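Residues per chain, in single letters:
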Amino acid sequence: MTAVRHAQEKTSRYAPDPSVMTALRTPRILVREVLAGLVVAMALIPEAISFSIIAGVDPRYGLFSSFVMAVSIAFLGGRPAMITAATGAVALVIAPVARDYGIDYFIATVILAGIFQVVLALVGVAKMMRFIPRSVMVGFVNALAILIFAAQLPHLIGVPWLVYPLVAAGLLIMWAMPRITTVIPAPLVSIVLTTVAVVVLAINVPTVGDEGELPRSLPELLLPNVPLTWETLQIIAPYALGMALVGLLESLMTAKLVDDVTDTHSRKTREAWGQGVANVLSGLFGGMGGCAMIGQTMINVKASGARTRISTFLAGVFLLILVVGLGDLVAAIPMAALVAVMIMVSVGTFDWHSIHPRTLRRMPRSETAVMVVTVITVVLTSNLAIGVVVGVLVASVLFVRRVAHFVTVERRILDDGSAARYEVIGELFFASSNDLTTQFEYTDDPSHIVIDMSRSNIWDASTVAALDAVVTKYGRLHKSVTIEGLDGRATAFHANLTGNLGADN
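Residues numbered from 1 in each chain as written. Predicted model: local features only at pLDDT ≥ 70, side-chain atom pairs only at ≥ 80, totals over all residues. Heavy atoms only, no water.

Student: Help me understand empty space enclosed by the protein in this model?
Tutor: Where empty space is left in the structure can be found by rolling a water-sized probe over the atoms. The tally for this structure, following the rule as stated, stands at two cavities of 30 Å³ or more. What the largest cavity holds in volume is close to 110 Å³. Around the largest cavity sit Arg134, Ser135, Val138, Asp351, His353, Ser354, Thr359, Leu360, Met363, Glu367, Thr368 and Met371, which together line it. Listed by contribution, the elements that provide at least two residues to the lining of the largest cavity are helix H7 (134–152), helix H16 (357–362) and helix H17 (365–381). Its residues assigned to classes, the lining of the largest cavity comprises four nonpolar, five polar and three charged. (1 Å grid on protein atoms, 1.4 Å probe; cavity = no way out; pocket = protein on both sides within 12 Å on 5 of 7 lines; lining within 4 Å. Points joined across faces, edges and corners; volume = space filled by probe spheres on them. Helix = DSSP H or I, 4+ residues; strand = E, 2+ residues; numbered from the N terminus. Nonpolar A, V, L, I, M, F, W, Y, C, P; charged D, E, K, R; others polar.)

Student: Would you mind going over the pattern of salt bridges with me for this structure?
Tutor: Should the charged atoms of two oppositely charged side chains come close, the side chains can pair. Counted according to the given criterion, the structure contains eight salt bridges. Residue Asp100 pairs with Arg99 through a salt bridge whose shortest N-O separation is 3.3 Å. For Asp100, a relative accessible area of 46% translates into the label partly exposed. Owing to a relative accessible area of 60%, Arg99 belongs among the exposed residues under this scheme. The shortest N-O distance in the salt bridge between Asp452 and Arg421 comes to 3.4 Å. Residue Asp452 is located in strand S5 (residues 448–458), and its partner Arg421 is located in strand S4 (residues 419–428); the two are separated by 31 residues in the primary sequence. By relative accessible area, Arg421 is classed as partly exposed at 25%. Salt bridges sharing partners connect three or more residues here, namely Arg79, Asp259 and Lys268. (Salt bridge = Lys/Arg side-chain N within 4 Å of Asp/Glu carboxyl O. Buried < 20%, exposed > 50% of the residue type's maximum accessible area, 1.4 Å probe, protein only.)

Student: Would you mind showing me how to read the side chain of Gln296 here?
Tutor: Within the secondary structure, Gln296 sits in helix H12 (residues 294–303). A distance of 3.4 Å separates the side chain of Gln296 from the backbone oxygen of Ala43, its partner in a polar contact. Excluding residues within four positions of it along the chain, Gln296 makes contact with Val40, Ala43, Leu44, Glu47, Ile83 and Met342. (Polar contact = N/O pair within 3.5 Å; in protein donor to acceptor, adjacent residues only side chain to side chain. Contact = heavy atoms within 4.5 Å.)

Student: Quick question: what am I supposed to make of the side chain of Thr312 here?
Tutor: Relative to the helices and strands, Thr312 resides in helix H13 (residues 309–325). A polar side-chain atom of Thr312 sits 3.2 Å from the main-chain carbonyl oxygen of Met82. Not counting residues within four places of it along the chain, the set of residues in contact with Thr312 comprises Ala70, Ile73, Ala74, Ala81, Met82, Ile83 and Asn300.

Student: How do you make sense of H17 when you look at a structure like this?
Tutor: Along an α-helix, residues three or four positions apart point the same way, because every turn accommodates 3.6 residues. Counted at 1.5 Å a residue, the expected span for H17 with its 17 residues is 24 Å, and the 24 Å between its end C-alpha atoms agrees. All buried positions along H17 are accounted for by Ser366, Thr368, Val370, Met371, Thr374, Val375, Thr377 and Val378. Residues of H17 that are buried in the fold lie against H7, H16 and helix H18 (384–403). Just past H17, the residue Ser382 takes up positive phi, approximately 55°. (Expected span 1.5 Å × (residues − 1).)

Student: Explanation requested: the environment of Thr207 in the structure shown.
Tutor: Relative to the assigned elements, Thr207 resides in the loop between helix H9 (186–200) and helix H10 (230–262). The spatial distance from the C-alpha of Thr207 to the C-alpha of Ser396 is 46 Å, given a sequence separation of 189 residues. Setting aside its immediate chain neighbours within four residues, Thr207 contacts Ala331, Ala332, Ile333, Pro334 and Met335. A polar contact is formed between the side chain of Thr207 and the backbone oxygen of Ala331, at a distance of 3.0 Å.

Student: Mind showing me how you'd approach the packing of helix H8 (residues 163–180) against helix H15 (residues 335–349) here?
Tutor: Think of two packed helices as two axes; the pair is described by the angle between the axes and how far apart they sit. Viewed as axis vectors pointing N to C, H8 and H15 meet at an angle of 50°, and their least axial separation amounts to 8 Å. As far as their axial angle goes, H15 and H8 are oblique. Here H8 runs over H15; the crossing is right-handed. Residues Val163, Leu166, Val167, Gly170, Leu171, Met174 and Trp175 of H8 form the contact with H15, whose own contacting residues are Ala336, Val339, Ala340, Val341, Ile343 and Met344. Per-class residue counts for the contact of H8 with H15 are twelve nonpolar, one polar and no charged. (Axes fitted to C-alpha atoms, helices over the stretch in contact; angles between N-to-C directions. Parallel < 35°, antiparallel > 145°, perpendicular 65-115°, else oblique. Left-handed = near helix turned anticlockwise from the far one by under 90°.)

Student: Got a minute to help me understand the sheet that holds S4 in this structure?
Tutor: Overall, mixed pairing links the four strands, which are arranged S3-S4-S5-S6 in an open sheet. Two strands bound the open sheet, and with one partner strand each, they are strand S3 (408–413) and strand S6 (480–484). The mean angle between the axes of side-by-side strands here comes to 20°, regardless of whether they run parallel or antiparallel. The pairing of S3 with S4 spans six bridges and is classified as antiparallel. Counted as the bridge partner of Arg411 is Tyr422 from S4. Contacts from helix H20 (residues 461–476) reach S4, S5 and S6, with the element oriented near 175° to S5. (Pairing = 2+ DSSP bridges.)

Student: I'm lost on the layout of surface pockets in this one. Help?
Tutor: The computed volume of the largest pocket comes to approximately 780 Å³. Taken together, 33 residues make up the lining of the largest pocket; nearest its centre are Glu47, Phe51, Gly88, Leu147 and Ala151. Taken together, the elements giving at least two residues each to the lining of the largest pocket come down to helix H3 (27–55), helix H5 (88–101), H7, H12 and H15. Of the residues forming the lining of the largest pocket, the biggest block, seven residues, is contributed by H3. A class-by-class count of the residues in the lining of the largest pocket yields 21 nonpolar, nine polar and three charged.

Student: Explain the pairing of S4 to me, please; I cannot follow it from the model alone.
Tutor: Each regular strand shows side chains that alternate between the opposite faces of the sheet. Most of S4 sits out of view: eight of its ten residues are buried. Between S3 and S4, which pair antiparallel in sequence order, lie five residues; one of them, Gly417, sits at a positive phi of approximately 70°. Both S4 and S5 contribute to a ladder of nine bridges, which runs parallel. Bridge assignment links Tyr422 to a residue of S5, and that residue is Ile451.

Student: Whenever I open this one, the nonpolar core confuses me. Can you help?
Tutor: Within soluble globular proteins, side chains that are nonpolar tend to cluster in buried spots. The biggest cluster of nonpolar side chains holds 115 residues, and the ones touching the most others in it are Ile45 and Phe106. In terms of residue count, H3 provides more of this core than any other element does, 14 residues in total. Each residue touching Phe106, except ones within four places of it in the same chain, is listed here: Ala55, Val57, Ile94, Val97, Ala98 and Met288. Residues Leu428, Ile451, Met453 and Val464 belong to the second largest nonpolar core, which totals 21 residues. (Core = buried A, V, L, I, M, F, W, Y, C linked by side-chain atoms within 4.5 Å.)

Just geometry here; none of it tells us what the structure is for.
Written out as structure tokens, the structure reads:
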């Protein structure tokens with residue numbers, strides 16, 4: 001009964017709220033999901049085109065990838081309402097393949113990356129998310145907001161002056177709309193009104209059509225024309241593995257962010273292999289691959305209020321309809337409208353509380369340092385994955401340094417003077433046990449020494465080696481040592497290694 005109850009609790013924990021069926025039966029929720037999908041689709045178009053240019057391929061590769069991945073992840077993914085499409089991080093990783101080896105090797109790399117992601121998911125890589133500290137997560141979010149804003153600067157520099165009032169108007173509409181009604185997503189209203197104003201008033205400003213030519217046909221199933229040889233694998237495997245790791249890290253971090261925003265849980269392992277399958281499908285339909293898109297996900301979840309897979313699915317469907325069937329209409333959307341949406345997303349994404357003076361005074365300096373290092377690394381590299389890895393490494397080093405000083409050794413001589421008793425207090429591992437040998441009075445102690453470990457734990461071979469060194473030092477002085485107080489696990493661990501860590505073994 002306990003196992004059944006635990007399974008039921010775990011199932012309910014991951015149950016989406018609202019569910020897809022609930023949304024389909026509730027007009028208010030369904031309208032919200034549909035409109036959210038439309039807003040995201042509009043925002044995806046210029047992004048997909050830009051990322052295709054970064055990757056060095058035709059815009060259709062990014063657009064088709066966004067369509068295939070959004071639709072497939074809606075069924076396969078573990079995080080409802082999260083948007084997956086072509087991304088800049090992935091484009092940067094695999095761009096050299098298209099440049100140096102051609103489009104067939106490029107597509108083969110995308111497919112292999114998807115296979116790698118499925119394998120990594122099956123071996124449990126998603127569980128590693130628990131080791132990412134909060135300070136890294138805050139740095140990740142803040143760096144993301146900065147990158148989203150920075151990505152809009154090319155559309156704000158060297159442009160006609162009318163772009164600026166259009167962006168300001170878009171921001172004002174998105175600020176005012178929620179105070180009037182939340183039935184229609186504010187970003188959609190902003191895009192529509194700005195576009196109508198540009199068309200009616202014949203304002204000459206950059207549009208989506210200026211970003212690149214939109215495809216006129218549907219994606220087709222294709223297999224890359226590459227030789228199935230060891231040499232081909234040597235060429236594409238390093239890029240595919242890099243793409244797989246970057247894509248998984250960004251996707252899992254985004255899923256965790258959405259969990260926090262919506263106060264719900266997601267299935268990280270399912271999301272990991274779902275990303276892999278989506279990338280394989282993207283490659284088979286001539287896409288450039290991708291991962292979770294944090295900016296568009298925030299548009300979907302925070303700005304538009306979407307909560308189900310319906311919005312993700314419709315974002316892909318609307319994207320295809322817009323670029324293939326309504327390409328001329330989409331091409332007329334001013335970039336200023338989309339820039340305003342992304343600026344609002346960046347402002348809403350940034351954790352302003354984390355940089356408030358009161359927060360900085362209360363927060364330990366090490367936590368603030370980790371956040372700052374994460375932000376700086378991401379901004380300098382324009383790569384969220386690298387920033388997270390560096391942040392985790394810095395957090396680990398600072399944690400180890402802090403914990404290493406928590407071990408104390410207390411000495412007392414028994415009343416009859418027959419023995420010295422040492423009580424070791426704290427967690428012993430490689431950083432804290434290195435100085436253990438210096439805490440004993442080898443020469444002054446009586447002939448018998450008792451080391452009480454009841455208030456400490458042994459976690460690695462370094463600690464066992466340190467204890468062996470203590471025993472050896474006393475042995476040279478013809479003094480005996482008794483180690484007591486270890487629990488069952490530590491006793492077995494110590495017994496298995498003690499005496500077997502010397503240079504001669």
